[in-house]
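Results of the structural survey
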Amino acid sequence: MIELGGNIKLIQFEEIEPGLLIVIKKIVGNYTKRFSENLPEFKSIEVTLEDVIANRIKVKVEYSDVKESTAEDKNLFFALDKALSSILKQ
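Rules of the game
- Residues numbered from 1 in each chain as written.
- Predicted model: local features only at pLDDT ≥ 70, side-chain atom pairs only at ≥ 80, totals over all residues.
- Heavy atoms only, no water.
- Helix = DSSP H or I, 4+ residues; strand = E, 2+ residues; numbered from the N terminus.
- Polar contact = N/O pair within 3.5 Å; in protein donor to acceptor, adjacent residues only side chain to side chain.
- Contact = heavy atoms within 4.5 Å.
- Buried < 20%, exposed > 50% of the residue type's maximum accessible area, 1.4 Å probe, protein only.
- Lys, Arg positive; Asp, Glu negative; His and termini not counted.
- Salt bridge = Lys/Arg side-chain N within 4 Å of Asp/Glu carboxyl O.
- Pairing = 2+ DSSP bridges.
- Axes fitted to C-alpha atoms, helices over the stretch in contact; angles between N-to-C directions.

**Things to note about the side chain of N55**
- Within the secondary structure, N55 sits in the loop between strand 3 (44-51) and strand 4 (56-62).
- Within the structure, the side chain of N55 is placed 3.3 Å from the backbone oxygen of D73, a separation counted as a polar contact.
- Beyond its immediate stretch of four places on either side in the chain, N55 contacts A71, E72, D73, K74, N75, L76 and A79.

Right under this line is the structure:
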């Protein structure tokens with residue numbers, strides 16, 4: 001598990017190459033900022049790489065409620081964006 005700033009957790013991302021991990025951290029950080037601005041009582045975000053071959057991402061955002069989203073795509077960045085943006089649309 002990789003912990004960023006106390007309220008962001010990246011789970012099962014240890015095997016991702018460092019160059020890709022930098023971009024992933026930026027994407028998650030930008031969405032986390034939006035969540036903290038738009039969701040009441042934002043507490044934490046947990047992003048899990050469930051399947052590295054299929055690029056299946058699960059996102060769990062905890063605030064006054066809990067929202068979860070899952071997405072899968074050939075491209076890891078697209079899967080991550082789909083899962084995170086789905087939370088904003090809920």
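**Considering the side chain of K67**
- Within the secondary structure, K67 sits in strand 5 (residues 66-72).
- In this structure K67 is buried but unpaired, with D65 as the nearest side chain of opposite charge at 6.7 Å.
- Polar contacts involving the side chain of K67 include one to the main-chain carbonyl oxygen of Q90, which spans 2.8 Å.
- In contact with K67, not counting residues within four places along its chain, are L39, V59, K60, V61, I87 and Q90.

**Overview of the sheet that holds strand 1 (residues 2-4)**
- Taken together, the five strands give an open sheet; going across it, the order is 1-2-3-4-5, and neighbouring strands pair in mixed fashion. The sheet is open, and its two borders are formed by strand 1 and strand 5, each paired with just one other strand. Strand-to-strand twist in this sheet, taken as the mean axis angle between neighbours without regard to direction, amounts to 15 degrees.
- Where strand 1 lies against strand 2 (residues 8-11), three bridges are found, and the strand directions are antiparallel. Residue pairing across strands places L4 opposite I8, the latter belonging to strand 2.
- Across the sheet, helix 1 (residues 18-38) is in contact with strand 1, strand 2, strand 3 and strand 4; its angle to strand 2 comes to roughly 140 degrees.
- Running at roughly 150 degrees to strand 5, helix 2 (residues 76-89) makes contact with strand 3, strand 4 and strand 5 of the sheet.

Honestly, that's just the spatial picture; any functional story needs more than this.
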